[in-house]
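Residues per chain are reported as follows:
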Amino acid sequence: MPKKRSRSVSVSSQSSISSNGKSGSLSSSEDSRTPSLPRKQVKKHVRSNTDKEASRSKKAKKSKANKEDPHEEYLAAAHGIARCVDLFCKVDKLIKIGCLLQQEEAAEKGELDESEADKETRKKRLSAMSLKTRDRYTRNYQQLLHLAPSIRSLINDRTKARELIKVTHKMNTAISATRSDDAARLKSQIGHYAAPIPSDGDLKPAIYNGNPSRSHLGVNHPVLASFLCPVSQLTEFTQDPAEGQKKLASGGILMTANDFPAFLWSGNPPGCDYDDEAMTEGLFQGYLIERVLRHIFTGPSTALGQDSRATRTCNAALHDMTTVEAEHIAYACVQARFGISAQNKWSDIDGKFKYPEFYYNIIDFIRDCGDTDWVQELKKWWNVMLFKNEDGREGGSEARASTDERGKEFLGFHG
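## Concerning the overall build of the protein
Turning to step 1, where the next piece is worked out: Looking only at helices and strands, the protein has 19 helices and two strands in total.
Turning to step 2, where the next piece is worked out: Put simply, the protein has 415 residues, and 39% of those count as buried.
Turning to step 3, where the next piece is worked out: Taking as baseline every contact in the protein between residues at least 6 positions apart, the subset at least 24 positions apart corresponds to 66%.

This is the structure:
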């Protein structure tokens, strides 16, 4: 390989180059007659510490901007969907069904020009759905467009199909991650929340004893077994708790999503005041789900009824949650049930118990309940529990003052 010629010029050779480009030495007389020109002083700019800090800050911001996910809006929406809309939502499927339902509505109004083949395909897809399922998809699709308005442009532009696939995949992953993150944060606190009066100590036997396995929880724990027992079988369980535990473990007492567990009811222990003739009395007011819902939406420091000490924005504010709805209650019930179970990792199924069915059964029970007075009172109760105002997070000062005493009454046992 030939050596690269050096382009550097020595100081001595530079001094021998004349102004006309020819080499040669200047005579002493010429040198003396030529006045020496003063060298121009180049003033160097010395950067101050402030300039350096500003430059570093600018670079840091630029680096952060480059690292930010361009789909941040959709990921934030996915967190909200998990906690407030539909825990088991598959965004890609929701968009497909939502668009079909919109097309059907437009066709009925005579606003859609479509082929017979497209019409038949849509009818076939939607005909298998119950009215309740269709209503849920319609409601959830509207929520999706509200939480992530930019996704509408991806849905309506066929040239952005690939980006839409990428976005929905990320959102589905984020929904699952939200459920897992909330469950992980609850893990260390669930023993405290499951105790009727936490100030008197956690449950005995201890829920967490240094063993990473959860095999001693669920029906294998004498107290938690009564929480998980179907409320319809609670009387039988309490007559002989040891035998009741065995029946729960063996399937002698069946736990399914269609038979609500005792911990959903108020009382100490949960469900102790259950009455078949007035089954909604105390339903969805169990102290465990109350604490879990607060932990998730207004922060762990509020779980036992105290004011928030958090320095970060709570999930209720992040998701623009102003009132407690059926979906929030159902989410807390799922997290509470998993938190006290013996499952070491998440699964949609725990024996015969199916979490998706449990979740949707709770939402449908509240939304479809014929006793509208009970539903309104339940939501007011939850608004007081979470926001200390029966009108919700944005209730006026007058409404807050009128519910202060009511809130104290509600918090008397649980605080």
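## Describing helix H4 (residues 72-84)
Turning to step 1, where the next piece is worked out: Compared with an ideal rise of 1.5 Å per residue, which puts 13 residues at 18 Å, H4 spans 18 Å between its outermost C-alpha atoms and is within 8% of the ideal.
Turning to step 2, where the next piece is worked out: Residues of H4 that are buried: Tyr74, Leu75, Ala77, Ala78, Gly80, Ile81, Ala82, Arg83 and Cys84.
Turning to step 3, where the next piece is worked out: Considering only its buried residues, H4 is in contact with helix H7 (131-147), helix H8 (151-156), helix H9 (161-187), helix H14 (287-297), helix H15 (315-318) and helix H16 (326-339).

## What to know about the nonpolar core
Turning to step 1, where the next piece is worked out: Membership of the largest hydrophobic core comes to 102 residues, with the highest contact counts inside it found for Ile151, Met171, Leu264, Phe284, Leu288 and Trp382.
Turning to step 2, where the next piece is worked out: Other than its neighbours up to four places away in sequence, leucine 264 contacts Gly282, Leu283, Phe284, Gln285, Gly286, Ile289, Cys333 and Phe358.

## Quick word on the packing of H9 against H14
Turning to step 1, where the next piece is worked out: It is the contact of H9 with H14, at a shortest axis distance of 11 Å, that shows an interaxial angle of 120 degrees. The two elements H9 and H14 meet at a crossing, and its hand is right-handed. Contacts from Asp182, Arg185 and Leu186 in H9 reach Val292, His295 and Ile296 in H14.
Turning to step 2, where the next piece is worked out: Residue classes in the contact of H9 with H14 are distributed as three nonpolar, one polar and two charged.

## With respect to unusual backbone geometry
Turning to step 1, where the next piece is worked out: For the bond running from lysine 204 to proline 205, omega is -5 degrees, close enough to zero to count as cis.
Turning to step 2, where the next piece is worked out: Counting through the fold element by element, proline 205 comes out in the loop between helix H10 (190-194) and helix H11 (222-228).
Turning to step 3, where the next piece is worked out: Cis geometry marks the peptide bond from asparagine 268 to proline 269, where omega comes out at 5 degrees.
Turning to step 4, where the next piece is worked out: Its location among the elements puts proline 269 in the loop between helix H13 (241-250) and H14.
Turning to step 5, where the next piece is worked out: Its identity as a non-glycine residue notwithstanding, phenylalanine 284 has a phi of 65 degrees, on the positive side.
Turning to step 6, where the next piece is worked out: Here phenylalanine 284 shows up in the loop between H13 and H14.
Turning to step 7, where the next piece is worked out: Positive phi is not limited to glycine here, since lysine 388 has a value of about 60 degrees.

## Description of the packing of H14 against helix H18 (residues 372-387)
Turning to step 1, where the next piece is worked out: Where H14 contacts H18, the two axes come as close as 10 Å, and the packing angle between them is 55 degrees. Regarding the angle of H14 to H18, the classification is oblique. When you trace H14 past H18, the crossing you get is right-handed. Residue-level inspection shows Ile289, Glu290, Leu293, Arg294 and Phe297 of H14 in contact with H18, the latter providing Trp381, Trp382, Met385 and Leu386.
Turning to step 2, where the next piece is worked out: Among the residues forming the contact of H14 with H18, the class breakdown is seven nonpolar, no polar and two charged.

## Brief notes about the confidence of the model for the protein
Low-pLDDT portions of the prediction should not be read for the details of their coordinates.
Turning to step 1, where the next piece is worked out: For the protein, per-residue confidence averages 85 on the pLDDT scale, and 78% of positions sit at 70 or higher.
Turning to step 2, where the next piece is worked out: Here residues 2-35 scores under 50 on pLDDT; set against residues more than four positions off or in separate chains, the count is five contacts.
Turning to step 3, where the next piece is worked out: Within the model, pLDDT remains below 50 along residues 406-415, and this stretch shows 19 contacts once partners closer than five positions in the same chain are excluded.

## A closer look at the pattern of salt bridges
Turning to step 1, where the next piece is worked out: Enumeration according to the criterion identifies 14 salt bridges in this entry.
Turning to step 2, where the next piece is worked out: The residue glutamate 236 makes a salt bridge to lysine 247 at a minimum N-O spacing of 2.8 Å. Separated by 11 residues along the polypeptide, glutamate 236 in helix H12 (residues 234-239) and lysine 247 in helix H13 bring together distant segments of the chain.
Turning to step 3, where the next piece is worked out: Owing to a relative accessible area of 28%, lysine 247 belongs among the partly exposed residues under this scheme.
Turning to step 4, where the next piece is worked out: A salt bridge links lysine 380 to glutamate 377, with the nearest nitrogen and oxygen atoms 3.9 Å apart. Of this pair, lysine 380 and glutamate 377 both sit in helix H18, separated by three residues, roughly a single helical turn.

## Comments concerning the packing of aromatic side chains
Turning to step 1, where the next piece is worked out: Under the counting rule described, the total for this entry stands at 18 aromatic pairs.
Turning to step 2, where the next piece is worked out: Ring centres 5.6 Å apart and planes at 75 degrees place the aromatic pair phenylalanine 88 and tyrosine 359 in the edge-to-face group. Of this pair, phenylalanine 88 sits in the loop between H4 and helix H5 (91-108) while tyrosine 359 is found in helix H17 (residues 355-368), placing the two residues 271 residues apart along the sequence.
Turning to step 3, where the next piece is worked out: Site record: aromatic cluster; members linked through ring pairs are Phe88, Phe260, Phe284, Phe338, Trp346, Phe353, Tyr355, Phe358, Tyr359, Tyr360, Phe365 and Trp374.
Turning to step 4, where the next piece is worked out: Just above the ring of tyrosine 360 sits the side chain of arginine 136; from NZ or CZ to the centre is 4.0 Å.
Turning to step 5, where the next piece is worked out: Above the ring of phenylalanine 338, the side-chain terminus of arginine 214 is found at 5.0 Å from the ring centroid.

## A short note on the environment of serine 266
Turning to step 1, where the next piece is worked out: Structurally, the position occupied by serine 266 is in the loop between H13 and H14.
Turning to step 2, where the next piece is worked out: For the pair serine 266 and leucine 283, spaced 17 residues apart in sequence, the C-alpha to C-alpha distance is 6.7 Å.

## Things to note about the environment of glycine 80
Turning to step 1, where the next piece is worked out: Looking at the secondary structure, you find glycine 80 in helix H4.
Turning to step 2, where the next piece is worked out: Given a relative accessible area of 2%, glycine 80 falls into the buried group.
Turning to step 3, where the next piece is worked out: Not counting chain neighbours up to four residues away, the residues in contact with glycine 80 comprise Val85, Leu147 and His319.

Thresholds applied
Residues numbered from 1 in each chain as written. Predicted model: local features only at pLDDT ≥ 70, side-chain atom pairs only at ≥ 80, totals over all residues. Heavy atoms only, no water. Helix = DSSP H or I, 4+ residues; strand = E, 2+ residues; numbered from the N terminus. Buried < 20%, exposed > 50% of the residue type's maximum accessible area, 1.4 Å probe, protein only. Contact = heavy atoms within 4.5 Å. Expected span 1.5 Å × (residues − 1). Core = buried A, V, L, I, M, F, W, Y, C linked by side-chain atoms within 4.5 Å. Axes fitted to C-alpha atoms, helices over the stretch in contact; angles between N-to-C directions. Left-handed = near helix turned anticlockwise from the far one by under 90°. Nonpolar A, V, L, I, M, F, W, Y, C, P; charged D, E, K, R; others polar. Parallel < 35°, antiparallel > 145°, perpendicular 65-115°, else oblique. pLDDT = per-residue confidence, 0-100. Salt bridge = Lys/Arg side-chain N within 4 Å of Asp/Glu carboxyl O. Phe/Tyr/Trp six-rings, centres within 6.5 Å; stacked < 30°, edge-to-face > 60°. Lys NZ or Arg CZ within 6 Å of the ring centre and 35° of its normal.

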